[in-house]
Structures are given as structure tokens and as C-alpha cells.
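Chain by chain, the residues run as shown.
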Amino acid sequence: MTNEYQSAQLTELDALHHLHPFTNHKALRTGGARVMVRGDGPYIWDSEGKRVLDGMSGLWTANIGHSRKELAEAAYQQMLELPYYNTFFRTTHRPVVVLSRKLAELAPGNLNQVFFGSSGSESNDTAIRLIRHYWVLKGEPKRRIIISRKNAYHGSTIAAGSMGGMAHVHSQSYPVYEGFRHIIDPYWYGEAEDGEQPQAFGLRAARALEDEILAVGPENVAAFAAEPVQGAGGVKIAPASYWPEVQRIVDKYGILLLADEVITGFGRLGTWFASEHYGMRPNLITFAKAVTSGYLPLSGIIVDDEIVAAVTGYDEDFHHGYTFSGHPVSCAVALKNLEIIEREKLIPRVREYSGPALAKLLAKFADHPLVGEVRSVGLLGAIELVADKRTRRRFADPGRVGMICREHFFREGFIMRAVFDTMVTAPPLIWTETQFDEAEAAIGRALDLTLKDVAGELAA
Ligand SMILES: Cc1ncc(COP(=O)(O)O)c(C=O)c1O
């Protein structure tokens with residue numbers, strides 16, 4: 001059996017038997033999926049033998065790159081020793097204890113206790129339950145409303161999907177859970193009014209939180225939940241004025257701040273957590289993805305001493321948990337992953353080298369006829385594709401041109417994701433000059449090819 005035959009067969013069987021996440025299944029039936037077979041450092045290979053530079057770190061996950069032997073060895077050793085035991089009913093094990101301690105050390109402020117799950121969605125569901133439980137324990141059961149933002153992505157379960165602000169997710173939630181409100185996202189390029197400067201817009205977007213708190217009654221508000229940088233929504237980076245004003249409002253009304261760091265945790269912005277980068281003081285941080293660099297599923301929520309005090313002062317179970325909460329093999333892999341991030345000094349490297357290198361690379365395309373804006377913070381970047389640079393007018397049928405561009409990127413050997421017509425990137429923390437040069441060449445070619453395809457639609 002040749003590799004080609006295996007690959008064609010896999011594609012066919014995949015379309016017949018595998019329901020993919022976030023996929024148009026009709027199109028998949030006819031077009032099939034690309035079969036990925038191997039990863040190594042910053043690259044992955046498909047079944048046709050094509051090597052591509054992974055500009056998305058998998059799915060914002062592989063911060064230390066693909067196929068590091070040390071992580072495989074950590075998993076192997078743990079599987080030989082204790083492959084599984086639960087953490088229910090007053091049992092624990094070494095990897096979960098050591099990892100909890102490590103995360104408490106790395107987390108900002110007085111966030112010292114960790115609850116584990118296997119996905120970002122689960123960790124946000126846990127956060128929602130814990131936040132509401134906390135207010136009940138504090139004697140304020142009316143505080144149930146969680147305010148979040150339009151276009152936020154907090155996961156796909158019904159509760160996390162409802163807390164998220166994506167209209168297309170809500171449209172298939174049947175129904176969206178009550179108790180969530182969504183305010184404007186701090187997306188200056190897309191939301192600012194004519195002539196409104198970023199800092200003024202940042203203040204306006206933050207003050208939408210105060211308006212919403214007052215509209216629903218402060219006594220009913222439990223928390224504000226947000227990604228420090230909106231990732232899946234299109235790498236939307238708030239102006240500098242935004243987070244200090246949000247923090248002021250959260251403090252003023254005594255509501256909890258939940259930072260969803262599922263994408264931004266573990267070095268992406270040049271700090272362990274983005275909360276540190278922005279001077280945020282969250283009461284809860286949810287994490288997932290890069291805690292293991294995606295080698296095994298693991299997620300969780302780190303909570304502050306105040307919440308822990310409420311929970312530990314209550315002499316009854318918190319009726320919540322997952323079979324795989326604190327899975328020993330995932331925890332062992334996470335510990336090794338964090339050790340590598342520290343040993344290789346990858347986080348200061350983002351601040352000193354790779355973050356500035358990404359910003360410099362993207363800036364080279366700011367004048368391209370298709371590009372409305374480029375932006376980045378740390379290792380999160382975006383390129384806005386527009387039909388008219390001057391007026392910021394989008395192309396008809398949002399997402400169509402992003403898809404064309406994404407295909408060109410892939411053919412040029414580079415993976416970027418399309419969020420409608422915003423091309424986003426989240427490179428791993430290990431890129432060197434070689435990868436930045438390859439990315440620059442691929443982006444240049446892919447943008448030019450996209451331009452050729454849509455030239456007739458551009459403003460004169
Ligand atoms: C900010 C954020 N929160 C939560 C999630 C959900 O994580 P998961 O897909 O592991 O459930 C994601 C996934 O991309 C995310 O980006």
C-alpha cells in the first residue's frame with residue numbers, strides 16, 4: 001500500500017465517519033480533509049509530504065513546538081507508574097500536587113488554588129458554576145449575571161458558548177443560557193467611530209461595562225469575563241486605556257474578574273499570563289491549551305484566596321468534577337512543558353526577540369493594497385483584509401476572501417487562520433530568524449496571489 005493510497009483512503013473514511021468540530025459537513029463530504037501526519041518543532045507535514053510552517057501553533061497550543069521527545073518520555077514514565085487515578089473522594093497524586101503548586105507560583109496575585117479539567121470549555125463551565133456558588137456562599141444569591149463581550153470565545157459547551165459572544169454559536173445553542181450579557185468588544189479597527197482615537201475608544205469600550213452593570217443592577221452582577229486579547233474573535237487587542245478602566249469598574253462594583261487565558265497563558269504575550277502584561281487583577285484565571293503545549297488535554301481554573309476561603313468555609317461538597325480532573329499523565333506532561341519553557345527562557349525571548357520580530361514582519365505588509373491594518377502583541381498577530389483601505393470597507397460575503405487567502409497561505413507552505421477576513425497568527429515561542437524569514441516570504445506571496453483573485457473587487 002503506498003502512502004498516497006493510504007492518504008486517499010483516510011480522507012474518504014474521515015468524510016464518512018468523522019464529525020469534525022467547527023466544520024461545514026456538507027463541504028467536507030465533497031472536498032475531504034487534509035491528513036496531517038507528522039510534526040517537528042515549528043513544522044508539520046501532510047500526507048502528500050508537504051511541509052508547512054505552523055503559524056498557529058496547532059490551535060494556539062504548541063508553544064514549545066511539535067514532537068519534543070522529553071514530553072513523550074514524561075508521559076511514558078507516568079503511564080508506567082500511575083497512568084490514571086481520580087482526584088475525587090479525597091485522593092490525590094504527585095503530578096497533580098506538584099503542578100498545582102507550580103501554577104500557584106506562576107499565577108499573579110493571590111491566585112493559589114487550581115481546579116482541573118480537560119478543555120478550555122470545561123474550565124469556563126467550572127468558572128461559571130464556581131462564581132455563582134461563591135456569591136451564594138457570600139449571602140448574595142442574586143448575583144448571577146456574568147457580563148462578557150461580543151465575539152468572545154469561551155468554548156463550545158452550552159454554558160461556555162452562552163458566556164461567549166459569538167452570534168453563530170448562539171444561533172445553534174437552542175437556547176442560549178440566561179444570565180449572560182454581552183458588551184462591545186474593544187476592537188478599535190472595526191468598532192471605532194470616525195476619527196475616534198484608540199485611547200478614547202478603549203475608554204468607551206470599557207465604560208460599556210459600567211453602563212451594563214447599572215442597566216441590570218449592580219446587586220445582580222456576579223462577574224465580568226474576558227479574554228485579555230480576543231483570540232478566536234480575530235486577535236482583537238484592546239487599546240492601552242481599556243484594561244485599567246475595566247479594572248477600576250470591576251473594583252468599584254465589587255464584582256469578580258474572570259480572565260480567560262486559554263490562549264494567552266504560558267508565555268504568548270511575554271509573561272506567564274497576559275493578566276500580568278496588562279496589569280489586570282483577576283480573581284479567576286482559566287487556562288488550557290499551552291499548559292501542555294497541546295500534547296495532552298489539560299485545562300483548569302486558578303482561583304484567588306477569597307474564593308477559596310468561601311468554598312473551604314462551607315461544610316458540604318461542591319458538586320462538580322470531571323473523571324479526568326488532574327489526570328496524572330497530563331499533569332506530568334504539563335510539568336515537563338513548563339520546565340522547558342523556563343529552561344529555554346522562552347518567555348523573556350517573546351519580549352526581547354520574537355514579539356518584536358513578529359511586529360516588524362507584519363508591519364512590512366501594512367502598505368499592501370489588500371491590507372487595512374496589521375497588529376500584534378507578543379506572539380499574537382492579525383492582518384485585516386479589506387476592499388477599501390481608506391474607508392475600511394470589507395469585501396462582500398464576509399469570510400470568502402479570508403478563505404481564499406488561507407488556501408494561498410497553505411500552498412505557500414504557511415498556516416494562518418482566517419477569522420472571516422482577518423488573517424490571524426500565533427506562532428510557537430521557538431521561532432528563529434529562519435522561520436520569521438520563511439513566514440515573511442510566504443505572506444508576501446499569498447497576499448499577492450489573493451490580490452490577483454479579488455483585484456476586480458478592490459476600491460479604485
Ligand atoms: C479563549 C478561549 N477560551 C476557551 C476556549 C475553549 O477551549 P477548548 O476548545 O479546549 O474547549 C478557547 C478555544 O479556542 C479559547 O480560545
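The structure this text deals with has already been given above.
A few words now on the packing of aromatic side chains. Scanning the entire structure with this criterion turns up 14 aromatic pairs. With centroids separated by 5.0 Å and ring planes inclined at 70°, the aromatic side chains of tyrosine 134 and tryptophan 135 adopt a geometry described as edge-to-face. Taken individually, tyrosine 134 and tryptophan 135 each receive the classification buried, so the pair is uniform in this respect. By way of ring pairs, the aromatic residues Tyr353, Phe409, Phe414, Trp431 and Phe436 are connected into one cluster. A cation over an aromatic ring shows up here: arginine 34 above the ring of phenylalanine 410, its NZ or CZ 3.5 Å from the ring centre.

The next subject is the pairing of strand β9 (residues 284-287). Each regular strand shows side chains that alternate between the opposite faces of the sheet. What you see with β9 is no split at all: Leu284 and Thr286 on one side and Ile285 and Phe287 on the other are buried throughout. Sheet analysis places strand β8 (residues 256-260) next to β9, joined by 3 bridges and oriented parallel. Within the sheet, the bridge partner assigned to aspartate 260 lies in β9 and is threonine 286. Of the strand pairs in this sheet, β9 and strand β10 (residues 299-304) are connected by 4 bridges, and their pairing is antiparallel. Directly across from phenylalanine 287, in β10, lies its bridge partner glycine 300.

On to the nonpolar core. Phe224 and Phe266 are the most contacted members of the largest nonpolar core, which totals 110 residues. Core analysis: the next-biggest nonpolar cluster, separate from the first, contains 21 residues, Leu130, Phe180, Leu256 and Ala310 among them.

With that out of the way, let us pick up the packing of helix α4 (residues 69-81) against helix α14 (residues 328-343). Viewed as axis vectors pointing N to C, α4 and α14 meet at an angle of 150°, and their least axial separation amounts to 8 Å. It follows from the interaxial angle that α4 and α14 lie roughly antiparallel. Crossing hand, α4 versus α14: right-handed. Of α14, the residues touching α4 (which contributes Glu70, Leu71, Ala74, Ala75, Gln78 and Met79) are Pro328, Val329, Ala332, Val333, Lys336, Asn337, Glu339, Ile340 and Arg343. Residue composition of the contact of α4 with α14, by class: 9 nonpolar, 2 polar and 4 charged.

Around the ligand sit Ser119, Gly120, Ser121, Asn124, Tyr153, His154, Gly155, Glu227, Asp260, Val262, Ile263 and Lys289, and those are all the residues in its vicinity. Here a nitrogen atom of the ligand and a side-chain polar atom of aspartate 260 are 2.7 Å apart. Alone, the ligand offers 390 Å² of accessible surface; in the complex the protein occludes 84% of this. The element best represented in the shell around the ligand is helix α6 (residues 120-137), accounting for 3 residues. Residue composition of the shell around the ligand, grouped by class: 3 nonpolar, 6 polar and 3 charged.

As a further point, take the pairing of strand β1 (residues 36-40). One ladder, built from 4 bridges, connects β1 with strand β2 (residues 43-46); its direction is antiparallel. The residue of β2 that forms the bridge with methionine 36 is aspartate 46. Two successive antiparallel strands, β1 and β2, enclose a turn made up of 2 residues, where glycine 41 displays a positive phi of approximately 60°.

This next bit is on the pattern of salt bridges. Under the defined criterion, the tally for this structure stands at 27 salt bridges. Salt-bridge contacts for arginine 143 lead to glutamate 140; the nearest nitrogen and oxygen are separated by 2.9 Å. In this structure, glutamate 344 and arginine 343 form a salt bridge, with 4.0 Å as the shortest nitrogen-oxygen distance. What emerges from the salt-bridge pattern is a single network uniting Arg68, Glu70, Lys336, Glu339, Arg343 and Glu344.

Spatial ordering of the open sheet is given by β11-β12-β15-β14, a layout of 4 strands whose pairing is antiparallel. Bordering the open sheet on either side are β11 (371-377) and β14 (417-419), each of which pairs with just one other strand. Shown here is a sheet whose adjacent strand axes are inclined to one another by a mean of 20°, direction ignored. Summarising the sheet, β11 and strand β12 (residues 380-385) pair through 6 bridges and their orientation is antiparallel. Within β12, the position partnered with valine 377 by the bridge is leucine 380. Of the strands in this sheet, β11, β12 and β15 (422-425) touch helix α15 (residues 346-363), which is tilted by about 175° from β11.

Rules used in this analysis
- All residue numbers here refer to positions counted from 1 along the written sequence of the relevant chain.
- At least 70 in pLDDT is required for a residue's local features to be given in this predicted model, at least 80 for side-chain atom pairs to be given and counted, and no such filter applies to totals for whole chains, interfaces and linings, which use all residues.
- Side-chain measures here rest on the full set of heavy atoms in the structure, leaving out hydrogens and waters.
- Aromatic pairs are defined between Phe, Tyr and Trp rings, using the six-membered ring for Trp, whenever the two ring centres lie within 6.5 Å; interplanar angles under 30 degrees are classed as stacked, those over 60 as edge-to-face, and all others as tilted.
- Here's how the labels work: a residue is buried when its accessible area is under 20% of the maximum for its type, exposed when over 50%, partly exposed in between, all with a 1.4 Å probe on protein chains only.
- Either the NZ atom of lysine or the CZ atom of arginine qualifies as a charge over a ring when it sits within 6 Å of the ring centre and within 35 degrees of the ring normal.
- Here a helix means four or more residues in a row that DSSP labels H or I, a strand means two or more in a row labelled E, and each is numbered from the N terminus.
- A strand pair is defined by DSSP finding two or more bridges across the two strands.
- In these notes, a set of buried Ala, Val, Leu, Ile, Met, Phe, Trp, Tyr and Cys residues joined through side-chain atoms within 4.5 Å is what counts as a nonpolar core.
- Axes here mean lines fitted to C-alpha atoms, for a helix over just the part in contact, with angles spanning 0 to 180 degrees between N-to-C directions.
- Angle categories: roughly parallel below 35 degrees, roughly antiparallel above 145, roughly perpendicular from 65 to 115, and oblique for all the rest.
- Two helices cross in a left-handed way if the nearer one is turned anticlockwise from the farther one by less than a right angle. They cross in a right-handed way if the turn is clockwise.
- Throughout, a contact is declared for two residues whenever any of their heavy atoms are within 4.5 Å.
- The nonpolar class holds Ala, Val, Leu, Ile, Met, Phe, Trp, Tyr, Cys and Pro. Asp, Glu, Lys and Arg form the charged class, and all remaining residues, Gly among them, are polar.
- Note on terminology: near, applied to a residue and a molecule or strand, indicates that one of the residue's heavy atoms is within 4 Å of it.
- Any N or O atom pair separated by 3.5 Å or less is treated as a polar contact, with the protein-specific requirement of one donor-capable and one acceptor-capable atom, and with residues adjacent in sequence counted only for side-chain atom pairs.
- Accessibility throughout is a Shrake-Rupley quantity obtained with a 1.4 Å probe, and a residue counts as covered only by protein chains that appear here.
- We count a salt bridge whenever a side-chain nitrogen from Lys or Arg sits within 4 Å of a carboxyl oxygen from Asp or Glu.

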